[in-house]
Structure formats: structure tokens, C-alpha cells
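As a plain string of letters, each chain reads:
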Amino acid sequence: MVGRDRWKKLSFDAVCFFLQATNEVVGRVPKATASEMEAAVASCKKAFWNWSETSVLSRQQIFLRYQQLIKDNLKEISKLITFEQGKTLADAEGDVFRGLQVVEHACSVTSLILGETMPSITKDMDTYTYRLPLGVCAGIAPFNFPAMIPLWMFPMAMVCGNTFLMKPSERVPGALMFLAKLFQDAGAPDGTLNIIHGQHEAVNFICDHPDIRAISFVGSNQAGEYIYERGSRNGKRVQANMGAKNHGVVMPDANKENTLNQLVGAAFGAAGQRCMALSTAILVGEAQKWLPELVDRAKNLRVNAGDQPGADLGPLISPQAKERVCHLIEKGVKEGASLLLDGRNIKVKGYENGNFVGPTILANVKPNMTCYKEEIFGPVLVVLEADTLDDAIEMVNNNPYGNGTAIFTTNGATARKYSHLVDVGQVGVNVPIPVPLPMFSFTGSRASFRGDTNFYGKQGVQFYTQLKTIISQWKEEDATVTKPAVVMPTMGN
Ligand code: NAD
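Residues numbered from 1 in each chain as written. Predicted model: local features only at pLDDT ≥ 70, side-chain atom pairs only at ≥ 80, totals over all residues. Heavy atoms only, no water.

**Q** Mind showing me how you'd approach the packing of helix 14 (residues 389–398) against helix 15 (residues 412–421) here?
**A** Two elements in contact, helix 14 and helix 15, have axes separated by 10 Å at closest approach and are oriented at 25°. The orientation of helix 14 with respect to helix 15, classified from their angle, is roughly parallel. Crossing hand, helix 14 versus helix 15: right-handed. In contact with Leu389, Asp390, Ile393, Val396 and Asn397 of helix 14, helix 15 contributes Thr414, Lys417, Tyr418 and Leu421. (Axes fitted to C-alpha atoms, helices over the stretch in contact; angles between N-to-C directions. Helix = DSSP H or I, 4+ residues; strand = E, 2+ residues; numbered from the N terminus. Parallel < 35°, antiparallel > 145°, perpendicular 65-115°, else oblique. Left-handed = near helix turned anticlockwise from the far one by under 90°. Contact = heavy atoms within 4.5 Å.)

The following block contains the structure:
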């Protein structure tokens, strides 16, 4: 259904999605009706028994084929992401690649899903555990990683034997449809993965349906808190990865060249629409003198439609997102911040109607300002100052979010002190975007996460499975005593 002309011929109740560089409608997907959503869950439920009883080796084989199909189609999926989401092609490839790594990790299921055993806990008695699937699980995804985030969800759940109902963001539904088709081609049986399109009604349906056992959510705090509360109230397991305000602390002993490049890349890449974007810099002591150079580097970034060669950052996801970002910049200025670089009036040749905002830097920001307290989710770096490392740590720990942070320093002791004292779930030492590979888990904390068990890695397997513990006693004296039969069997007895 993706294509500029075809959408006009459709007549169902639909979710439209747009080319962000021009704001044209480029596709529509059918918004699931109540009975279609019911049918989707019923289909997952029906498929569950066979799927969960399929041998773990057979499930592993499907995921081994799936990872190869994603690799073979990586460029095509990336083009589709750039088309409907707006990010640059190189960034879209990263989006698919980081999701692919989770699928590759899911192929280690034979080790990941092992239970525990303890023989002879008492005479002739053993205890062992199985890790078993839950049933039908569901996922609700945001717009900013159309491939990676769905791939955090259904592969881990399904390789463990669950069936899955997925709701992509209504703003970028195409990449998931492509990924689902590849999954079918890899041999996933009918009914094991179902997709519904929609917004609030679809979310409420997932939170309330009695046959859905667990919900994985990634998105904003507003939606995440609501889904966590409503889903948990209905007895479901919920894991919710939410918003962020990630601080990069720059020490005066840092490698200046690397640090400034990394800060600029992590603040403005993907137009700041990453939950791990380094949207806040704290310059400590003498590092405050580096600000003019930081501004120069940000100025040199090229803003263009994501499919144009040389583009460093593309448009924002919607006119509303652009309006909100511009409003927060304006509010920052009103509240006393210094606007050192203003990207609000940028015009991109050939794409005059796009939702573009250029790199923007607000300096002299104080913790009580709105531009510091709210997640901006645009290409805006807010810069604060601190006299010492301790002041910087206090500042970061007073911010409610705990998704990610980075420290730039050449001193190991400084890095160690920061890593230990900072109350943030993912810390980079000279690494600006510390998103862990899937043999670890994504461990955002505090206001950036609700739930007990994180996404992917061992934690992901725990989230999508339940333990069954078996205590068995086989008394030695009951063992059947046999002897070799040396006489001719007579068959009749
Ligand atoms: P969003 O919350 O608007 O949408 C996410 C999903 O929730 C969508 O599928 C949407 O249909 C649904 N939704 C939206 N509003 C809702 C509501 N009021 N009630 C019920 N459902 C609702 O998020 P977004 O704008 O698509 O994504 C950006 C946000 O996601 C940012 O806050 C970003 O930090 C966060 N994010 C977090 C992570 C992470 O791992 N921590 C990763 C990516 C994005």
C-alpha cells in the first residue's frame, strides 16, 4: 500500500503516513476495527499451542533464516524507513542493523532458555526448572526506530514460544509490514505474528484484552505511564521504555577533537529524535571555553531530505513536532538561555514544506528552565555549566530521567567515579550513545523505565517466559530390576 498514487484508490478507515521532507501523504494502512483486533488475538491464541510445542531447534531454524533474509533486504528496508520516517539512509541502515543484532541474538535461544537443575536435594529427589512461554504477548512501538524497536520485541518473545500481536507507530507502519513478510518467508507459521494498525483504541484494546499476557511498550512518558498502569491493573506483565534527557559531561582533560565531534553527532544525528540522543551537555570548568568550537561544528552539519547524498540530518516527524520544538526553543530564550545557533528558519531547497529544524544550541541553561526539564526530541542541544565533577553528578542525578549519559575524559579515576555515582541506567565512557548490544539488556532507569525486567538479552528472555519448577522423587528401591532373557520368547504370554 506504500506509493504516492495508490492511497487515493482505497476506501477503508485508514491511518495515513507522510513523506516528512514534503508533507505529502505517501501511504495508508487500514485502521483495525474492533472485530479485526479480536480476530488477530484469536489467531495468536489459536497458533500458540502448536508454536509453543514446536521444538526449540525448529524455532531457532526459522530465526536463522530470518536473520539472513533481513541481511539480504537491509538496503530495501532502510529505503522504506527513510521514505516514511525521514531519517538519512545511513541512519536507517543503522536502525535495521541494530534490530538485526537482536534477531541474531534470539538465535542463541538454546542457551538463553535453559532452566536450572539441582540433583539430590534430598535422598532420591531432584529439582529442575523449565522456562516456558507465557502465551499471547503484544508490542506497541514508537515512530523513531521503525525496524529496531519492533525487532526488540517479537523475535525475543516468539523464539521463546510465545505468539505476538504487534502495533507499530501509526506514523511509520511500512517497515514492520516488510519485516513481517520476511518473517513469513522464513517459515513462521500462520497466526504466530499478527499486526494491527491504529492509535488509542488499539492501545486500549491491548491493555484490556484478557488473552494478552504481556505488553512491551516503547515511546513517550505520557503513553508509557498510561499503558503501564492500565496493563498492570489488568494483571499483565508490562515493560515500558520511555522518554529521556541524556547528559554528556565534558571534563577539561577530555580529548577535545573526539569529544566535540561525538557531542555534535549524538545531539543532532537523526534530528535529535533518538531516546539516547545526547541532548544536554554539561561543560565542566575549563571545558566551558570549547563552546564556540562546538557551535562551529554544529553549523557545518548538512540538513536535507534523508535520501539526498551528504545529508547529516533529515526532517522531524510531523509539523506538530516542528512546532513543539520551535516553541521550546522560544521558551528557552524567554527564560534566559542564550541562543547561540538557531535552526528554526532553515529552508531546504526543493523541500520547502518539510518539517526541518536545523541544529540549534541553547547555552547558559539552568535546571529550572523548561528547555531543560522537558524532552525536546529535536535537533537542540542545551548546554549547562558546572565547576566540578561533583556538581555535574548532582545535576544529572537531580534530573528525573535515567536513560543514558556519557562522560568524556582521559582520566580513568574520573570516569570510574562518574560511572559509579551517577544514577542513570546506561553510561558511556567516551561513548556518546551507550546502547548495549543484545547479549546485554537495554537498562534505562528511573523516569525512563517502568517495569521490572528490561528489553532483550537475558532480561528479555525472563520477561517473555515463566518458570515451572518440578520436584521429583524416584526412590532407588523402586528401580526396575531386569536380567537378560536367555530363553526363547514364546510370544503368547
Ligand atoms: P508516543 O508515545 O507518541 O507513541 C508510541 C506508541 O504509543 C505509538 O504506537 C502510539 O500509537 C501510542 N500512543 C501515543 N500516544 C498515546 C496515548 N496518549 N495513549 C495511548 N497510546 C498512545 O511516542 P513517539 O512520539 O512515537 O516516540 C518518541 C518517544 O519515544 C520519545 O519520548 C522517546 O524518548 C521515546 N523512546 C524511548 C525509547 C527507549 O528505549 N527509552 C526508544 C525510542 C523512543
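**Q** Please explain helix 1 (residues 34–53) as it appears in this structure.
**A** One turn of the α-helix equals 3.6 residues, which is why residues spaced by three or four share an orientation. End to end, helix 1 covers 30 Å across 20 residues, agreeing with the expected 28 Å (1.5 Å per residue, within 8%). At Ala47, helix 1 is bent by approximately 40°, the largest bend along its length. Of all the positions in helix 1, only Met37, Ala40, Val41, Cys44, Ala47, Phe48, Trp51 and Ser52 are classed as buried. (Expected span 1.5 Å × (residues − 1). Bend = angle between axes of the 7 residues up to and from the residue. Buried < 20%, exposed > 50% of the residue type's maximum accessible area, 1.4 Å probe, protein only.)

**Q** Looking at this model, I keep getting lost on the packing of aromatic side chains. Mind explaining?
**A** Any aromatic ring pair is given by two values, namely how distant the centres are and how the planes are angled relative to each other. As enumerated under the stated definition, the model contains 12 aromatic pairs in all. Aromatic pair Tyr66 and Phe154: ring centres 6.3 Å apart, planes at 45°, arrangement tilted. Here Tyr66, found in helix 2 (residues 56–72), pairs with Phe154, found in helix 6 (residues 148–159); they are 88 residues apart in sequence, far enough to count as distant. Accessibility expressed as a relative area gives 0% for Tyr66, which makes it buried. Relative accessible area serves as the criterion here: at 0%, Phe154 is assigned to the buried category. Seen from their ring centres, Tyr66 and Phe183 are 4.8 Å apart, and the 55° between their planes marks the pair as tilted. In this pair, Tyr66 is assigned in helix 2 and Phe183 in helix 7 (residues 174–185), connecting sequence segments 117 residues apart. Residues Tyr66 and Phe183 agree in their burial class; the two are buried. (Phe/Tyr/Trp six-rings, centres within 6.5 Å; stacked < 30°, edge-to-face > 60°.)

**Q** Honestly, the pattern of salt bridges in this entry has me stumped. Any pointers?
**A** Side chains bearing opposite charge may pair, as long as their charged atoms lie close to each other. In the structure shown here, the tally under the stated rule is 24 salt bridges. When the shortest N-O distance is used, the salt bridge between Arg446 and Asp423 registers 3.5 Å. On the criterion of sequence distance, the pair formed by Arg446 in strand 18 (residues 445–446) and Asp423 in the loop between helix 15 and strand 17 (427–429) is long-range, its members being 23 residues apart. The network of salt bridges with common partners includes Lys256, Glu257, Glu293 and Arg297. (Salt bridge = Lys/Arg side-chain N within 4 Å of Asp/Glu carboxyl O.)

**Q** Looking at this structure, I do not really get the site of the ligand. What am I missing?
**A** Every one of the 26 residues lining the ligand counts as a neighbour, but Ala141, Glu170, Ser220, Met242 and Glu375 are closest to it. At 2.7 Å from an oxygen atom of the ligand is found a main-chain nitrogen or oxygen belonging to Ala141. Gly219 places a polar main-chain atom, nitrogen or oxygen, 3.3 Å from an oxygen atom of the ligand. Taken by itself the ligand offers 830 Å² of open surface, and the protein chains cover 91% of this. Judged by the fraction of its atoms near the pocket grid, the ligand is located in the largest pocket. Taken together, the elements giving at least two residues each to the shell around the ligand come down to helix 6, helix 8 (200–208) and strand 8 (212–218). Residue composition of the shell around the ligand, by class: 14 nonpolar, eight polar and four charged. (Near = heavy atom within 4 Å. Polar contact = N/O pair within 3.5 Å; in protein donor to acceptor, adjacent residues only side chain to side chain. Areas by Shrake-Rupley, 256 points an atom, 1.4 Å probe, with all protein chains shown as cover. 1 Å grid on protein atoms, 1.4 Å probe; cavity = no way out; pocket = protein on both sides within 12 Å on 5 of 7 lines; lining within 4 Å. Sits in = over half its atoms within 2 Å of the grid points. Nonpolar A, V, L, I, M, F, W, Y, C, P; charged D, E, K, R; others polar.)

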